[in-house]
Each structure stands twice: as structure tokens, then as C-alpha cells.
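# Observations on chain architecture
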Amino acid sequence: MLGFLLGALLGALLLMLPVSTRPGQSIGFLDALFVSTSGICVTGLSTVNIGQTFSAFGQIVLLLLIQCGGLGIVTFTTMVLLLFRRRITLSDRMLIQSAYNLDTLSGLVRLTMRILKVTLCLEGIGAFGYAFVFIPEFGLKGIWYSVFHAVSAFCNAGIDLLGGNSFCGYRENVVINLTTVFLIIVSGLGFPVYWEVARVVVPHRKKGPYPRKMNLQAKIVLSVTLALVLAGTALTLLFEYDNPATLGLLSWPEKGMAALFQSVTLRTAGFATIPQESFRPASCLTYLIFMFIGGSPAGTAGGVKTVTIVMLIASMLANIKGKKDVTVMNRKVADETIRRCVAIVTFSFSVLVVLTVALLAVQRSDFLDTLYEMTSAIATVGLSRGLTGALYPAGKLIVALTMYLGRIGPITLALVFNSRTPADNISYADSKVIIG
């Protein structure tokens, strides 16, 4: 909690420096804090035009905030300690273990370095893809644009340097669309899934004969990710295929690409090829659900996470069928895991409701626009229906607080409820209550 808070404050102070803004531009503390919080919480909402407001130095500061927030404070701090050859203490190792929900303290430093290498490799692939478009268009500046947007996409930040319209000008550009979709999907899978896929796919004489089976975590993440992407694409086409403000004027191949991009960016990425205010209410309600779910654990995505929702659905089905145990893919799920999922979803939904009411009270804005903004903030998505730029000072603070709580909430709750030592050994008498 303190890591993200101090990072946001430090970023705000750096963004306020004269060297951080372009000549003739300045930024107040509240806007700097909002942008800094959005960067380190990898959300993407912004009250100012990033490309026109910040100089090269300011953009570098913002890029570091995005990278730090995407990898996580614990992982990023460990990398810094390793770069300066500082000793990784037992408490540091326990933090890494908790952050990635691992069962062992061995090999954690090696795991951190693998995360760094994979991150840089995938961001490099993304930058290479973007370069085919940005370098011909912007010249040498296109190199920086390629790197910045690759990091922003991989970290699911959705912050762009293109004038505030995100990728709307590249809606029909296949390279930009496919590169962004690739970065968003792979980063939203979570780092443990990478290692599991590598274990199953990459041949290794010590790992036994084929076929090797994936663990439950990887199976859930891959299957649910595919299902959500396909469902989001299909529903977007269904609701928007004849809407002239969104997909109506596009050819069917272009409709499919735009619908796919919209479905993927809802997984907490924040980039857009179509203005969100142009979508119909039915689409927006669907998008609220997708944004709230978000990506998968131990990655750069936000939301309550795919695995969390699967666990809750499995628990509901077990109760309906009268089963004693909660099972997923013929595997029993621990009661502690179900309780943790309930806590995460309850916390996130409660924060969303309370702070949405607060924003409606001070902003008096359209209900759908406000709910869309706040769901985007709590799930660290970064999509907006145009409300961000019209926020009052109190509204900016509320949205910034929502982004902060959305980024640290599920992580902190996971750490709190991951304790294996009970608070006490007292067993109370049973009592029945009427529910439902």
C-alpha cells in the first residue's frame, strides 16, 4: 500500500517540475497526482493530454511509473536491489512469495529475473511491431513512440502519446491492432501461466514423457481468457454491427477487427479504436461486466481476475447441486480459496458502489458515464465515456482514490487472507440463520 502511495506522490512531484512539461505548458498538483496515480496503477485515465502536455523527461517519468506499476512494487523493488547488488532478505523473499502466491521460498530471485527477461522480451516484440507504423509516420520519434506504447500495452496501462484519441486513428490498421491485442492478451495471462505453458510445450528430458498435463491454474486462465475474448467480440458485433457511430460504416473484416480489439482492451488495457461514448447502452452494460472481471492473477492486468470469478461460479453451482465440495475440472478447491474470492469481489464491488455514489453527488454527471468511469477506475482499465476531462477537483480525487484502491485492493486482501496462522483457536457454537 505504501509503495503505490509513495510512488504516486513522487511521480506527481516529478511531473510538476518545469522540465517535465513542454514550453508554455504547466500542470497543477491535482492533475499531476491524477496522472501519476493513473500511471503507477496502470489505469490510463488522464485529465490532461499526455502527448501535448509532457516533455520527453515527463514522458520518461510516466513510462517508469507504468513499468513499475505493471510489474508490481514488490517485483520492481527486488529488481532494483538486484541491479545494485543488494542482499535480498528473508522478508523480501516472503513478500515475493505472497505476491505470486507461491508455496516455496526457493528460487524466488531467479523467478524475479525470469519475469524481467520475459517482460523486456515481450515489450521488445511489441515495440518492433509498432515500429513498422510509427517510424514511417513520425521518423526517429517513432522509435520512442513504439517503445512507450509497447510498455503501456504490455502493462495494461492504455496511456498514449497520440493526442488523446488513443488508437482511434488506427482503427483499420492491422499492424497496430494485432500488436496491441497480442500484448494485452499475453500480459493478462499472468507470469505463472508462462512457466506452466513452457513446462508442457518445451521438450526437456528431465520432465518426463509426453503428454504432460497443465495445472488447474493454467487451464482456467487459458480457457476463460479465450471464452471472454470470443464472447466480447461476438456481443460487440451483435449490438453494434449497424451502429453508424461505431461499426456500422465498416466492412465486415473491419467490424471483426474492431470488435476483437474492443473485447480485448476491456481486459484492463484502456486503449480504444472507437470512442466509448458512441457505444449503445446494451454494449456498455456488457462492457461493465467484462471490465470488472479483468485479467488473470499474477500478471499486469487489473479487475477481480478470471480465476476469482470461476471459483465463485463453481461455489454457486456446488451449492445448487447440493455438493459438499467445490470442484473445478475434477479438482477440489479449498474453502480458504473460496472465502478469499468472496472477500476480493465484495471489497471491489463495495468500493465501486460507495465511490460511484460519491462521484455522482459531487459531479452530478450522467449515471452511465459515471458508472463506466468508476468501473474503469476500480478495475484499472482506463476507458472513459468522456467524463475524465470534465471532472471537478473533488471528482478527480475520488477517481484517483478509486484507481489506487483498485490496484492495491485485491493484492492486499490476498496477502491478508493468505495467512496460514489463525488469529485464535477459539471455536464458537453453531447457529442457524435464514438466508436467501
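In this report, we go over the structure that sits alongside the text.

What follows is about the packing of helix 11 (residues 216-240) against helix 13 (residues 281-293). Following both chains from N to C, one finds helix 11 and helix 13 inclined at 165°, their axes separated by 10 Å at the closest point. Considering their axes alone, helix 11 and helix 13 lie roughly antiparallel with respect to each other. Between helix 11 and helix 13 lies a crossing of left-handed hand. On helix 13, the residues that touch Leu228, Ala231, Gly232, Leu235, Thr236, Phe239 and Glu240 of helix 11 are Ala282, Ser283, Thr286, Tyr287, Phe290 and Ile293. Here the contact of helix 11 with helix 13 is built from residues that sort into eight nonpolar, four polar and one charged.

Summed over all chains, the structure comprises six salt bridges. In this structure, Arg199 and Glu196 form a salt bridge, with 2.6 Å as the shortest nitrogen-oxygen distance. On the criterion of helical spacing, the pair formed by Arg199 and Glu196 is a turn pair, its members being three residues apart in helix 10 (residues 191-201).

The next point concerns the packing of aromatic side chains. Taken as a whole, this structure holds 15 aromatic pairs when the rule is applied. Ring geometry for Phe128 and Phe132: centres 5.0 Å apart, planes at 85°, overall edge-to-face. In this pair, Phe128 and Phe132 both sit in helix 7 (residues 108-138), four residues apart, roughly one turn of the helix. Both residues of the pair, Phe128 and Phe132, count as exposed. Their ring planes at 90° and their centres at 5.8 Å tell us that Phe134 and Tyr170 sit as a pair that is edge-to-face. You can see Phe134 sitting in helix 7 and its partner Tyr170 sitting in the loop between helix 8 (141-154) and helix 9 (174-188), a full 36 residues away along the chain.

So, about the side chain of Thr119. Inspection of the secondary structure assignment puts Thr119 in helix 7. Judged by relative accessible area, which is 1%, Thr119 ranks as buried. There is a polar contact of 2.7 Å between the side chain of Thr119 and the backbone oxygen of Ile115. Sequence-distant contacts of Thr119, that is, excluding residues within four places in its chain, are made with Gln67, Leu71, Phe154 and Phe191.

The rules we used
Residues numbered from 1 in each chain as written. Predicted model: local features only at pLDDT ≥ 70, side-chain atom pairs only at ≥ 80, totals over all residues. Heavy atoms only, no water. Axes fitted to C-alpha atoms, helices over the stretch in contact; angles between N-to-C directions. Helix = DSSP H or I, 4+ residues; strand = E, 2+ residues; numbered from the N terminus. Parallel < 35°, antiparallel > 145°, perpendicular 65-115°, else oblique. Left-handed = near helix turned anticlockwise from the far one by under 90°. Contact = heavy atoms within 4.5 Å. Nonpolar A, V, L, I, M, F, W, Y, C, P; charged D, E, K, R; others polar. Salt bridge = Lys/Arg side-chain N within 4 Å of Asp/Glu carboxyl O. Phe/Tyr/Trp six-rings, centres within 6.5 Å; stacked < 30°, edge-to-face > 60°. Buried < 20%, exposed > 50% of the residue type's maximum accessible area, 1.4 Å probe, protein only. Polar contact = N/O pair within 3.5 Å; in protein donor to acceptor, adjacent residues only side chain to side chain.

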